[in-house]
Structures are given as structure tokens and as C-alpha cells.
Amino acid sequence: MISALTFDLDDTLWDTPPVIRRAEAVTHAWLARQWPAVARHFDVAGLAALRRQVAEEDPDRAHDLTLMRFRTYRRAAEAAGYPPEAVARGAFAVFYRERNRVELFPDVLPVLEPLARRLPLAAVSNGNADIQAVGLGHVFRLAVSAREVGRPKPDPLIWKEACRRLGVMPRTVVHVGDHPEHDVAGARAAGLRTVWLNRRGVAWSGPGCPDAEIPDLSALPAVLARWGVEPVAGSGGVAPFPPRE
Ligand SMILES: [Mg+2]
């Protein structure tokens, strides 16, 4: 019996690299206007290099991407002779607003909205996206981040916490994600069933293998049906589940 699903966010529900590139460019442009010496000391690539350095200096907290960004902006402000907290707060607010401006893959809402009426869905992410801000607050019952639990995927802790908060047994939960190690190997180690979302059609590269592989989310309802999750009929103007092929 399947009692819940967990979903990865970045690169599973939207394409992340262009979002981060744009967010970093917009943040840099904001710095150039508000705190110009920071932008003169560090171009976009320079800030990225500083962020990597900051993460390497504190590997135990490198998974806390929000903290790493704050430290990066503080460090850059100090180098430029500005008040670190004011610069970091402002720059992070700009970055975070842009980071949550994502374009969902077109298969996301047609599959997740009907599914959310049948089973509780939880987001489990190593990133710091905000499910409300990205427009998914109505499909996810809850979200658990690596920052909250203190360890990033593939550590099983994030799924254990999601299952605890959902009140379900891990073996009754299906995880869907794009990353062979972070999503599939990690969720399996936590005792969940795993669905590998392979949007690029690449060869499997992880340890072990997923319980199912899908090219996009529209194939998920058929996989779940094999595991006993009956499709729900459409109602109230919401698309039927599964989507018609
Ligand atoms: Mg991902």
C-alpha cells in the first residue's frame, strides 16, 4: 500500500541552473547599484568562487545554502569596506526572490494537483526553494530541507523526518527525483520505494537501481497504478488523473 509521496524539487519540478544563473546576475546588478564597491571587487564568477571557498571552509554546514550565501555576501562586503549585515541581508533578499521565480516543467501541475487530492505529498530538498513562493504550496502538505534536518540527501534523515511528520511508514512511501545518488540511493536507504525521473534520457549511473524509471511526470500515474494507487477521477474542473494519453 502506498500512503504518501515525496518529491525532489530542483531539476525534478523545474530546470534549476538557469534560475540560479539569473538570480546571481540580478543580485550582482543590485549590488552594483546599492553597494558598488562589492561589485567592483567581485564579478558574478568571483562571488561564485567566494561561495565555494566559504563552503569548503565549513564542510559540516556546506549543505546550508542560505547560510553559505549569507556568509559569502558578508565576506564580500567586508572586503569592500561596507557593513556586512546590511549588504548580506539586502543581497540575499534579492537572490532569494529570484531563486523562487521558477518555471515549472509543464507536466508538474497536471500530475501533482490530482495526485495531491489522493495522497499527501511532501517536498524533500537539499536546496532552499520555498514551495509557497514557487507556486506549489497547494500541492505539498509539507516540505523538509537539508538545512532543517542538518544533513543533505543522500543521507536518509530527510526522508525519515518527512515520514515522521506525515505519520507514515517509509516502506509505504514513494520518492520521485532526478538524481541517482541523492534521490534514488538515498531514499532507498531510508526504506522508500524510488522512482527515477530521467528527463534527459541518460544511462543509469547510480548504485543499485530504482524501482521505476520515468521520462517525465506524466508517466508517474501508470507506475503508481501498478503499485495499487488507483487513478482519481477528475472533478471540480481539475484535470483527470492520470492525464489522458
Ligand atoms: Mg534534483
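What counts, and where the lines are drawn
Residues numbered from 1 in each chain as written. Predicted model: local features only at pLDDT ≥ 70, side-chain atom pairs only at ≥ 80, totals over all residues. Heavy atoms only, no water. Donors = N, O, S within 2.8 Å, 3.2 Å for Na, K, Ca; no water. Helix = DSSP H or I, 4+ residues; strand = E, 2+ residues; numbered from the N terminus. Buried < 20%, exposed > 50% of the residue type's maximum accessible area, 1.4 Å probe, protein only. Contact = heavy atoms within 4.5 Å. Arc of directions from axis to C-beta. Pairing = 2+ DSSP bridges. Salt bridge = Lys/Arg side-chain N within 4 Å of Asp/Glu carboxyl O.

**Comments concerning the coordination of the magnesium ion**
Taken together, Asp 8 (OD), Asp 10 (O) and Asp 178 (OD) make up the full set of protein donors to the magnesium ion, lying 2.1 Å away. Of note, the donors binding the magnesium ion are all from one chain and are spaced D-x1-D-x167-D. Residue Asp 8 is located in the loop between β1 (4–7) and α1 (16–34), and its partner Asp 178 is located in the loop between β4 (173–177) and α9 (180–189); the two are separated by 170 residues in the primary sequence.

**Looking at the environment of Arg 151**
Structurally, the position occupied by Arg 151 is in the loop between α7 (146–149) and α8 (157–166). The class of Arg 151 is partly exposed, set by a relative accessible area of 43%. Sequence separation of Arg 151 and Ala 88 is 63 residues, and the distance between their C-alpha atoms is 24 Å. Excluding residues within four positions of it along the chain, Arg 151 makes contact with His 63, Ala 146 and Leu 157.

**Description of α8**
Buried within α8 we find Ile 158, Trp 159, Ala 162, Cys 163 and Leu 166. For α8, the angular spread of the buried residues around the axis is 130 degrees, confining them to a single face. Considering only its buried residues, α8 is in contact with β1, β2 (121–125), β3 (142–145), α7, β4 and α9. The positive-phi residue at the C-terminal boundary of α8 is Gly 167, with phi of around 75 degrees.

**Some remarks on the pairing of β2**
Judged by how many residues are buried, β2 sits mostly within the fold: five of five residues are covered. Pairing of β2 with β3, which is carried by four bridges, proceeds in the parallel orientation. Along β3, the bridge assignment pairs Ala 122 with Leu 142.

**Describing the pattern of salt bridges**
In the structure shown here, the tally under the stated rule is 18 salt bridges. Here Arg 199 makes a salt bridge to Asp 107, at a shortest N to O gap of 2.9 Å. With Arg 199 in the loop between β5 (193–197) and β6 (212–214) and Asp 107 in the loop between α5 (84–99) and α6 (108–118), this residue pair connects regions lying 92 residues apart in the sequence. Between Asp 155 and Arg 151 there is a salt bridge, and its shortest N-O distance comes to 2.8 Å. Judged by relative accessible area, which is 22%, Asp 155 ranks as partly exposed. Salt bridges sharing common partners tie together Arg 22, Arg 97, Glu 98 and Arg 101.

Coordinates in, geometry out; function isn't part of it.
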